[in-house]
Amino acid sequence: NAGVTQTPKFRVLKTGQSMTLLCAQDMNHEYMYWYRQDPGMGLRLIHYSVGEGTTAKGEVPDGYNVSRLKKQNFLLGLESAAPSQTSVYFCASSYSKQGAKNIQYFGAGTRLSVL
Amino acid sequence: GENVEQHPSTLSVQEGDSAVIKCTYSDSASNYFPWYKQELGKRPQLIIDIRSNVGEKKDQRIAVTLNKTAKHFSLHITETQPEDSAVYFCAASKSPWYNQGGKLIFGQGTELSVKP
């Protein structure tokens, strides 16, 4: 049981390049999330998904797109990277069942630098 | 919109002392308040949580208190140890959380340093 796995762990992009971050979970969770973490800003929600085939915007969605084609995978895309997107990106997942605790399980993070 | 404010941003204590981190939330509909700990270079992990129908919860050296009237909640760590050094995040979510997509609104984080 690997939990939540993110790939890649590190990436350097040039301004204008595109890339996709992959998040995979093996806990059969319905809900999945993408956050970015910047110094002094905490964890800010980019997009989230409440199930396969669904996505929704979080607090800071501009410049990002997501897809949830399979229940276990949640992809975050940057179509044209900007230096302002330099950050550490975390994926998380949680159960959706009534009565269950809303515990979010995080991946190890992706450190992205945009030059 | 929903907002969670966390203070202080940094906290330095001597080993064995207590540490207190405070958060305030803006949405009175919030009813679940977890705390996450993130060690340097690691992922955030849940350490304790509290629901709005409870005023205090303890787990060994850590405790969380909630004041619904004032809309604030706090994390208390007693007898701090060097391994408590980390960034701590508070968060809040509304009820029923499963109808809200399980969304958490996080505070800005507190970097706790415990000096031996």
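Higher on the page you've got the structure.
Scoring rules and cut-offs
- Residues numbered from 1 in each chain as written.
- Chains lettered and ligands numbered in written order.
- Predicted model: local features only at pLDDT ≥ 70, side-chain atom pairs only at ≥ 80, totals over all residues.
- Heavy atoms only, no water.
- Disulfide = S-S within 2.5 Å.
- Helix = DSSP H or I, 4+ residues; strand = E, 2+ residues; numbered from the N terminus.
- Buried < 20%, exposed > 50% of the residue type's maximum accessible area, 1.4 Å probe, protein only.
- Pairing = 2+ DSSP bridges.
- Axes fitted to C-alpha atoms, helices over the stretch in contact; angles between N-to-C directions.
- Contact = heavy atoms within 4.5 Å.
- Buried area = accessible area lost by both parts, 1.4 Å probe.
- Salt bridge = Lys/Arg side-chain N within 4 Å of Asp/Glu carboxyl O.
- Nonpolar A, V, L, I, M, F, W, Y, C, P; charged D, E, K, R; others polar.
- Phe/Tyr/Trp six-rings, centres within 6.5 Å; stacked < 30°, edge-to-face > 60°.

A.B. asks: Please explain the state of the cysteines as it appears in this structure.
C.D. replies: Working definition: the covalent bond between the sulfur atoms of two cysteines is a disulfide. Applying the stated rule across the entire model yields 2 disulfides over all chains. Covalently, C23(A) is tied to C91(A) through a disulfide, its sulfur atoms 1.9 Å apart. Sign of the S-S torsion, about -75° for the bond between C23(A) and C91(A), identifies this disulfide as left-handed. Here C23(A), found in strand β3 (residues 19-25), pairs with C91(A), found in strand β9 (residues 87-94); they are 68 residues apart in sequence, far enough to count as distant. With respect to burial, C23(A) and C91(A) carry one shared label: buried. Between the sulfur atoms of C23(B) and its disulfide mate C90(B) the distance is 2.0 Å. With the S-S bond torsion at -100°, the cross-link from C23(B) to C90(B) turns out left-handed. With a gap of 67 residues between them, C23(B) in strand β3 (residues 19-25) and C90(B) in strand β9 (residues 86-94) connect regions that are remote in the sequence. In this pair, the class of C23(B) matches that of C90(B), namely buried.

A.B. asks: Looking at this structure, how should I read the sheet that holds β3(B)?
C.D. replies: To summarise the sheet geometry, strands pair through backbone hydrogen bonds and adopt either a parallel or an antiparallel arrangement. Residue and element names in this part refer to chain B. The 5 strands lie next to each other as β1-β3-β8-β7-β6, forming an open sheet whose pairing is antiparallel. At either end of the open sheet lies a strand with only one pairing partner, and these are β1 (4-7) and β6 (56-59). Between one strand axis and the next, the sheet turns through 15° on average, direction left out of account. Relative to strand β7 (residues 62-67), β6 runs antiparallel, the two sharing 4 bridges. Within β7, the residue paired with D59 across the bridge is I62.

A.B. asks: Could you clarify how one ought to interpret the interface of chain B and chain A in this entry?
C.D. replies: In many reports, interface size means the accessible area that the parts give up when they come together. With 24 residues of chain B at the contact, the number on the chain A side is 26 residues. Interface of chain B and chain A: buried area, both sides summed, is about 2,000 Å²; carbon and sulfur atoms make up 55% of it. Summed over the shared surface of chain B and chain A, the result is 0 salt bridges. Elements supplying a minimum of two residues to the side of chain B that touches chain A: β4 (30-38), β5 (45-51), β9 and β10 (105-106) of chain B. Of the residues contributing to the side of chain B that touches chain A, the split by class is 10 nonpolar, 8 polar and 6 charged.

A.B. asks: It is not clear to me how the sheet that holds β3(A) should be interpreted in this structure. Could you clarify?
C.D. replies: Residue and element names in this part refer to chain A. Read across the open sheet, the 4 strands follow the order β1-β3-β8-β7; overall the sheet is antiparallel. Bordering the open sheet on either side are β1 (4-7) and β7 (65-67), each of which pairs with just one other strand. Mean inter-strand twist for the sheet, computed between neighbouring axes without regard to direction, equals 20°. Where β1 lies against β3, 4 bridges are found, and the strand directions are antiparallel. Each bridged residue has a counterpart across the sheet, and for T5 the counterpart in β3 is A24.

A.B. asks: What is the right way to look at the environment of L22(A) in this model?
C.D. replies: Tracing the chain through its elements places L22(A) in strand β3. Apart from the residues within four sequence positions on either side, L22(A) is in contact with T5(A), Q6(A), T7(A), W34(A), N73(A), F74(A) and L75(A).

A.B. asks: Please explain the packing of aromatic side chains as it appears in this structure.
C.D. replies: For any two aromatic rings, the description comes down to two numbers: the centre-to-centre distance and the angle of the planes. All names here are of chain A. Counted according to the given criterion, the structure contains 14 aromatic pairs over all chains. Geometrically, the ring pair formed by Y35 and F106 is tilted, given 5.7 Å between the ring centres and 35° between the ring planes. Here F106 lies in strand β10 (residues 105-106) and Y35 lies in strand β4 (residues 31-38), a separation of 71 residues in the sequence. Exposure remark for F106: the relative accessible area of 4% places this residue in the buried category.

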